[in-house]
Amino acid sequence: QVQLVESGGGLVQPGGSLRLSCSASGIIFDSSTMAWHRGAPGKRRELVATSLRSGTTNYIDSVRGRFTISRDNAKNTLYLQMNNLKPEDTGVYYCNARAMSVADGDWSNYWGQGTQVTVST
């Protein structure tokens, strides 16, 4: 069974910081392409940042310089460090993995349940 379990969401004031975590199980983590997506109120879900197997990271323009995606392969965990948060960053953040299942050998796209991030005074 593949599971992506997210944590770290919550309420924070503008300018504050938050670190999201995604604990993965049931996949070959170090061979996986990982990403964070978010769904803001009234907007389509958008890609926020990616962490490729090669180590390459990518960010959308609106978060570049403020957000940092990282991974700890030994712990099968993906992180998103978010600094200088803005109200526009509010939304549900989803962990995503394009990965192979350990149990079944399936190569597929897996999603976490989402964690709420609210940036407000």
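Here's a quick rundown of the structure. Model, not experiment: these values are computed from the prediction.

1. Some thoughts on the pattern of salt bridges
At step 1: Taken as a whole and judged by the stated rule, the model has 4 salt bridges.
At step 2: Two residues, R64 and D61, come together in a salt bridge whose shortest N-O distance is 2.4 Å.
At step 3: In this structure R64 comes out as partly exposed when scored by relative accessible area, which is 47%.
At step 4: Linked by salt bridges that have partners in common, R38, E46, R66 and D89 make up one network.

2. A closer look at the pairing of strand β5 (residues 46–51)
Moving residue by residue along a regular strand, the side chains alternate between the two faces of the sheet.
At step 1: Examined bridge by bridge, strand β4 (residues 33–39) and β5 share 5 bridges and lie antiparallel to one another. Directly across from A35, in β5, lies its bridge partner T50.
At step 2: Between β4 and β5, which pair antiparallel and follow one another directly, the connecting turn spans 6 residues, one of which, G42, has a positive phi of 75 degrees.
At step 3: By the bridge criterion, 3 bridges tie β5 to strand β6 (residues 57–59) in an arrangement that is antiparallel. Residue pairing across strands places A49 opposite Y59, the latter belonging to β6.
At step 4: Linkage of β5 to β6, two consecutive antiparallel strands, is achieved through a turn of 5 residues, within which G55 is found at a positive phi near 100 degrees.

3. Remarks on the state of the cysteines
At step 1: Inspection of the entire model under this criterion finds 1 disulfide.
At step 2: Shown here is the disulfide that connects C22 with C95, its sulfur atoms set 2.1 Å apart. Given an S-S torsion of about -75 degrees, the disulfide between C22 and C95 has left-handed geometry. Note that C22 is positioned in strand β3 (residues 18–25) and C95 in strand β9 (residues 91–100), a separation of 73 residues in sequence.

Parameters at a glance
Position labels on residues start from 1 in each chain and follow its written sequence. pLDDT decides what is reported in this predicted model: residues at 70 or higher carry local features, side-chain atom pairs at 80 or more are listed and counted, and totals for whole chains, interfaces and linings draw on all residues regardless. With hydrogens and water stripped out, all remaining heavy atoms of the structure feed into the side-chain values. Basic side-chain nitrogens of Lys or Arg form a salt bridge, by our definition, when they fall within 4 Å of a carboxyl oxygen of Asp or Glu. Type-normalised accessible area, obtained with a 1.4 Å probe on protein chains alone, sets the label of each residue: buried when under 20%, exposed when over 50%, and partly exposed for intermediate values. For two strands to pair, DSSP has to find at least two bridges joining them. Each helix is a run of H or I in the DSSP string that is no shorter than four residues. Each strand is a run of E no shorter than two, and both are numbered from the N terminus. Put simply, a disulfide is two cysteine sulfurs that come within 2.5 Å.

Keep in mind these values describe shape, not function.
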